[in-house]
Each structure stands twice: as structure tokens, then as C-alpha cells.
Amino acid sequence: MSHDVTCREFVDFLDDYLSGALGDEARGGFHAHLAACPSCVAYMKTYQAAVQLGRSVLTRSDEPVPEEVPEELVRAILATRKKA
Amino acid sequence: MPRLLAVARRLLRNDEDAKDAVQEAFISAFRSLHSFEGNCLLSTWLHRVAVNAALMKLRSRRRKPEESIEALLPAFLEDGHHASHPPEWRDSAEALLARREDRDFIRGCIDELPEMYRTVLILRDIEELDAEEAARILGVSRNLVKVRLHRARQALRGLLEPRFRRDVA
């Protein structure tokens, strides 16, 4: 990517940029774009926040998860074992 | 067991279906225990079996037409610049996570994502399957998983923005 990176290109390849999947030359172009574009800085920050929020809320439950094994599950396993 | 139930709940969004899926996963695991090759932890193998069971259940539900997420993605001018400046958010992710009502809102936004995007988001960002494995489980290419994940994250960002943007009280 030897030309100047546009906002559209930055957003399209943002995932690759953040995960370090871009080559050195492309990465340099993305760094330069970011240094000059407050809109892409704002977009990247809120994109990263959305990823973090999604990860966090779904891995921490606000509802209790039952610790006990459901009775019907035990019965089903026992039934399967008898057939085996 | 609680971890498997949590995985199924995340994918199915319904307690009864999640319990059914875990039950089916255990039966399936019991039947195919002989095929467990021991090249990963038994818990990891069970996790995959549970993900598969939940996805099968998800597929068996009546399909509703997928809604477009285009309106949630950023718009650009012809020259490639942003059509409007993306607003900053009023709080850090940590501050937003501290409030129960904001956490509920975020969960609601994830639930609003069309199924094909929500599933990829959960498998990659929450269950931490690698792209190869997610592609195999979903029966799509690795590249499609990558594209869908990026669009899912962008769509989630778009859904969160109206509530979290700095200029909203």
C-alpha cells in the first residue's frame, strides 16, 4: 500500500492493523494516517472499547449459574450407558 | 458443567434450550469418548462438543431473515474520508462495565446482532476459538469468519454509540 491510506481503508483493515497482521510498509502507512486523522483515532478507540465491552459482559454473568448437575441430565447419561 | 451451560446460554439466549444443548453435548461426548485423542484437555474437548451442540440447536430454530447491518457501519465520502466525525464516548470501558444498567444494555446490543454476526463474535471474542476452528465449526471459510468478525465488532460499536457517545447525557 504505497499511496496515502484513506479513512475507508483504515477502517476496512483496522482489525488487521490492531492484530499486527499488516506488513511493515502497510503498517507504516496506517501509523501515518492515524497521526493525521482524529476521526480514525476516535473510531479506533471506540471500536476497541466495543470489543472489550462485548468480551467483558459475556464472560461475567450477572445471573447465577446453577452448580448442580440437572437431574434429567444424569438420567439421560445413565440411560445412554445402559444402551451402550 | 457451569462453564458449558454458560457457553450454551451465550449462544442460545434461552435457559431451557441451553440446558437441552448441554444435555445433548454430554450424551454426544459420552458416545464419542472413544474418539477423544487426548491431544487437548478433556475440558477443551467438552467445550467444543458443547459449542457444536448449541450451534446445531441454533440452526434447528426457525430462521428469520437476516437484517442488514449497513446502517451500523461507518459512512464515507467519495474521497474515502469519514462522512462525519465519530463521537468520543463519555466513559472508559471500565467505568461503563461498573454499571449494571450499562452491562445490561451491552448484552442487549449483542443480542440484537443478526445471528451470523453474533455467533462469530461469541465464538471468536468470547469463547476464544481461533479463526480456523470457528470456520470449521460454522462450515465457512476462514476468510469469511474474519470478515464477519470485523463487521460484527463494527456493528456492535454502532449499536453502543447512541447511548455511550459523549454528547448524550
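For clarity, every value in this text was computed on a predicted model and none was experimentally measured.

1. What about the overall build of chain B?
Per the secondary structure count, chain B includes 8 helices and 0 strands. N-terminal to C-terminal, the α/β element order of chain B is α-α-α-α-α-α-α-α. Dimensions of chain B, computed from C-alpha atoms along their principal axes, come out at roughly 55 × 35 × 35 Å. In chain B, which comprises 169 residues, the proportion classed as buried is 47%. With the model as given, the accessible surface of chain B reaches about 9,000 Å², and the carbon-plus-sulfur share is 50%. Across chain B, the centroid of the 30 positively charged side chains sits 3 Å from that of the 28 negatively charged ones.

2. Remarks on the domain arrangement of chain B
By a widespread convention, an interface's size corresponds to the accessible area lost as its parts come together. All names here are of chain B. For chain B, the assigned domains read domain 1 (2–60) and domain 2 (70–164). Across the boundary between the two partners, domain 1 contributes 12 residues, which contact 12 residues of domain 2. Between domain 1 and domain 2, the buried area comes to about 1,100 Å², and carbon and sulfur atoms account for 54% of it. Considering only the surface of domain 1 that becomes buried against domain 2, Arg10, Leu11 and Arg13 emerge as the three largest contributors, covering 44% of it. Run the count over domain 1 and domain 2 and you get 3 salt bridges. Residue Glu115 is joined to Arg13 by a salt bridge in which the shortest nitrogen-to-oxygen separation is 2.9 Å. Counting every contact that joins domain 1 to domain 2 gives 8 residue pairs in polar contact (both at pLDDT 80 or more). Of all the secondary structure elements, the ones that give two or more residues to the side of domain 1 that touches domain 2 are helix H1 (2–12) and helix H3 (42–60).

3. Focus on the side chain of Arg107 of chain B
The topology assignment puts Arg107 of chain B in helix H5 (residues 100–112). Given a relative accessible area of 17%, Arg107 of chain B falls into the buried group.

4. What to know about the pattern of salt bridges
Counting across every chain of the model gives 22 salt bridges over all chains. Between Asp125 of chain B and Arg55 of chain A there is a salt bridge, with its nearest N and O atoms 3.3 Å apart. Highlighted residues: Asp125 of chain B in helix H6 (residues 115–126) and Arg55 of chain A in helix H4 (residues 38–59), drawn from two different chains. Looking at Asp125 of chain B, the relative accessible area reads 4%, which means it is buried. Among the salt bridges present, the one from Arg153 of chain B reaches Asp125 of chain B, with a minimum N-O distance of 2.8 Å. With Arg153 of chain B in helix H8 (residues 142–164) and Asp125 of chain B in helix H6, the pair connects residues that are 28 residues apart, well separated along the chain. Like Arg153 of chain B, the residue Asp125 of chain B is buried in the burial classification.

5. Examining the interface of chain B and chain A
Tallying the contact residues gives 44 residues for chain B and 41 residues for chain A. For the pairing of chain B and chain A, the buried interface totals around 4,100 Å² over both sides, and the portion due to carbon and sulfur atoms is 65%. It is Phe30, His150 and Arg153 of chain B that lose the most area in chain B upon contact with chain A, and together they represent 14% of the buried surface on that side. At the boundary of chain B and chain A, one finds 3 salt bridges. Linking chain B with chain A are 13 residue pairs in polar contact (both at pLDDT 80 or more), by the criterion used here. Those elements giving two or more residues to the side of chain B that touches chain A turn out to be H1, helix H2 (15–31), helix H4 (93–97), H5, H6 and H8 of chain B. Ranked by the residues each element gives to the side of chain B that touches chain A, the list is headed by H8 of chain B, at 9 residues. Residues belonging to the side of chain B that touches chain A are distributed by class as follows: 23 nonpolar, 7 polar and 14 charged.

6. Overview of the environment of Arg166 of chain B
Residue and element names in this part refer to chain B. Following the sequence through the fold, Arg166 ends up in the segment after H8. Residues Arg166 and Asp91 lie 75 residues apart in sequence; the distance between their C-alpha atoms is 7.7 Å. A distance of 3.4 Å separates a polar side-chain atom of Arg166 from the backbone oxygen of Trp89.

7. A closer look at the nonpolar core
Within the largest apolar cluster, 55 residues are counted, with the highest numbers of intra-cluster contacts made by Leu53 of chain A together with Leu11, Leu55, Trp89, Leu123 and Leu160 of chain B. At 9 residues, H3 of chain B tops the list of elements feeding residues into this core. Both domains that meet at this core, namely domain 1 (2–60) and domain 2 (70–164) of chain B, each give it at least three residues. Once residues within four sequence positions are removed from consideration, Leu11 of chain B is found in contact with Val51, Ala54, Leu55, Leu58, Glu115, Arg118, Thr119, Ile122 and Leu123 of chain B. Ranked by size, the runner-up nonpolar core spans 17 residues in total, among them Val11, Leu14, Cys40 and Tyr47 of chain A.

Cut-offs applied
- Residues numbered from 1 in each chain as written.
- Chains lettered and ligands numbered in written order.
- Predicted model: local features only at pLDDT ≥ 70, side-chain atom pairs only at ≥ 80, totals over all residues.
- Heavy atoms only, no water.
- Helix = DSSP H or I, 4+ residues; strand = E, 2+ residues; numbered from the N terminus.
- Buried < 20%, exposed > 50% of the residue type's maximum accessible area, 1.4 Å probe, protein only.
- Areas by Shrake-Rupley, 256 points an atom, 1.4 Å probe, with all protein chains shown as cover.
- Lys, Arg positive; Asp, Glu negative; His and termini not counted.
- Charge placed at Lys NZ, Arg CZ, Asp CG, Glu CD.
- Domains from an automatic or database assignment.
- Contact = heavy atoms within 4.5 Å.
- Buried area = accessible area lost by both parts, 1.4 Å probe.
- Salt bridge = Lys/Arg side-chain N within 4 Å of Asp/Glu carboxyl O.
- Polar contact = N/O pair within 3.5 Å; in protein donor to acceptor, adjacent residues only side chain to side chain.
- Nonpolar A, V, L, I, M, F, W, Y, C, P; charged D, E, K, R; others polar.
- Core = buried A, V, L, I, M, F, W, Y, C linked by side-chain atoms within 4.5 Å.

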